[in-house]
Amino acid sequence: MMSGFSRSYAVGLLAGATLLTTAACGSGSAETAAGGKPEVVAAFYPLQWLTEQVGGSDAHVTGLTAPGVEPHDLELGIQQVTEIQKAALTVYIKGVQPAVDEAVDAETSFDAATAVTTLPASGHEEGEEGEEEHGHEVSYDPHLWLDPARLATVATKLGERLAVADPAHAQAYKDRAAKTAGALGTLDQEFAKGLSNCRTKSLVTAHEAFGYLADRYKLKQVGITLDPETEPSPARISEVAKLAKAEGVTTIFTESLVSPKVAEVLANEVGAKTAVLDPLESRPSGDYLSAMRDNLKTLQTALGCTA
Ligand SMILES: [Zn+2]
């Protein structure tokens, strides 16, 4: 359905959504009226989910990226920059959203990428002009939330940071962090078991967001493009098609916020079907855990895994 619209129209819609959100935040929000609770800003969905779990009823958590907005494209209004400046803590990942990277202050921010071992950014042919428009301007791959084990480590460190920011509730933050890390550990075990015995280990994706998931569960990610908004060259498509055929790939993955067109073209060429794998850059219909479990089911079907 999205593929029927031009891309500029889709971008216009997204920009409209951002403006609406900004306006909604400005009108009568309870920035300081949250009963003296520390204001904690989370840059985009998976971090917002994590911060809500760890902050619990002791922190007032707001998300910067509205549902349905591709977070790499986020632009900040003055209101949101002020929100970040006033916050006790801003939780973000350097390299995902340049606007956020610029707005945060070192003292009152927590960069989740500093909590884990990062993977190098996978560079393939696109480069040149396309590169600078994209959010990924760091030497590592920033999509670390797609590895539940790394996210568990982030939860623990976030608990420690919140404990420092709000010492009166230090123990409660640490307890909730431990509980969250435990739930993520369980999810990690489900993935490890569910993906241990598969017909193929090759993961062909439209947007190269699943490097950490691939790293953790020994899959091989082949991304058609690094940037969800750049059309890959015909040469890149036939290169990936060749690889996919050689690896016995039967499913090409696409995602909800990106036009499925590229994946469909490739699937046609390979004789494969398409399926949606959620990179969780935006709020899913359930929560992080349920969306990841949906991803696991999708992967098991597509890769021919037997539990
Ligand atoms: Zn991304």
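Above this text is the structure in question.
Note that the structure is a prediction, hence the values are computed from the model and not measured.

**Side note on the overall build of the protein chain**
Along its length, the protein chain carries 11 helices and 10 strands. Across the 307 residues of the protein chain, 51% fall into the buried class. Counting contacts in the protein chain only where the partners sit at least 6 residues apart, residues at least 24 apart contribute 65% of the total. By element, 54% of the accessible surface of the protein chain is carried by carbon and sulfur atoms, the whole surface being about 13800 Å².

**Here's the deal with the pairing of strand β9 (residues 251–254)**
Where a strand is regular, its side chains alternate between the two sheet faces. Where burial is concerned, the two faces of β9 agree: the one with Thr-251 and Phe-253 and the one with Ile-252 and Thr-254 are both buried. Relative to strand β10 (residues 273–276), β9 runs parallel, the two being bridged by 4 bridges. Among the inter-strand pairings, Thr-251 is bridged to a residue of β10, identified as Lys-273.

**Some remarks on the pattern of salt bridges**
The full count for this structure, using the stated rule, is 9 salt bridges. Linking Arg-293 and Glu-190 is a salt bridge whose minimum nitrogen-to-oxygen distance equals 2.7 Å. Taken as a pair, Arg-293 in helix α11 (residues 288–303) and Glu-190 in helix α7 (residues 170–194) lie far apart in primary sequence, 103 residues in all. Relative accessible area serves as the criterion here: at 30%, Arg-293 is assigned to the partly exposed category. Close ionic contact of Lys-220 with Glu-247 constitutes a salt bridge, the shortest N to O distance being 2.7 Å. Of the two residues, Lys-220 is situated in strand β8 (residues 220–225) and Glu-247 in the loop between α9 (234–246) and β9; the sequence distance between them amounts to 27 residues. Connected via shared salt-bridge partners are Asp-147, Arg-150, Asp-188, Asp-215 and Arg-216.

**A word on the environment of Glu-247**
The exposure class assigned to Glu-247 is partly exposed, which follows from its relative accessible area of 32%. Through-space distance from the C-alpha of Glu-247 to that of Ser-202 is 6.7 Å; in sequence the pair is 45 residues apart. In this structure Glu-247 touches Thr-200, Ser-202 and Lys-220, once residues within four positions along its chain are discounted.

**A closer look at the packing of aromatic side chains**
One pass over the full model with this rule turns up 3 aromatic pairs. Seen from their ring centres, Phe-44 and Trp-145 are 4.9 Å apart, and the 70° between their planes marks the pair as edge-to-face. On the criterion of sequence distance, the pair formed by Phe-44 in the loop between β1 (39–42) and α2 (45–55) and Trp-145 in the loop between β6 (140–141) and α6 (148–165) is long-range, its members being 101 residues apart. A relative accessible area of 0% places Phe-44 in the buried class.

**A short note on the state of the cysteines**
All told, the structure shown has 1 disulfide when counted by the stated rule. Between Cys-198 and Cys-305 runs a disulfide, and the two sulfur atoms are separated by 2.2 Å. Taking the torsion about the S-S bond as the criterion, the Cys-198 to Cys-305 disulfide, at about 100°, is right-handed. One end of the pair, Cys-198, is in the loop between α7 and β7 (202–207); the other, Cys-305, is in the segment after α11, with 107 residues separating them in the sequence.

Rules behind the numbers
- Residues numbered from 1 in each chain as written.
- Predicted model: local features only at pLDDT ≥ 70, side-chain atom pairs only at ≥ 80, totals over all residues.
- Heavy atoms only, no water.
- Helix = DSSP H or I, 4+ residues; strand = E, 2+ residues; numbered from the N terminus.
- Buried < 20%, exposed > 50% of the residue type's maximum accessible area, 1.4 Å probe, protein only.
- Contact = heavy atoms within 4.5 Å.
- Areas by Shrake-Rupley, 256 points an atom, 1.4 Å probe, with all protein chains shown as cover.
- Pairing = 2+ DSSP bridges.
- Salt bridge = Lys/Arg side-chain N within 4 Å of Asp/Glu carboxyl O.
- Phe/Tyr/Trp six-rings, centres within 6.5 Å; stacked < 30°, edge-to-face > 60°.
- Disulfide = S-S within 2.5 Å.

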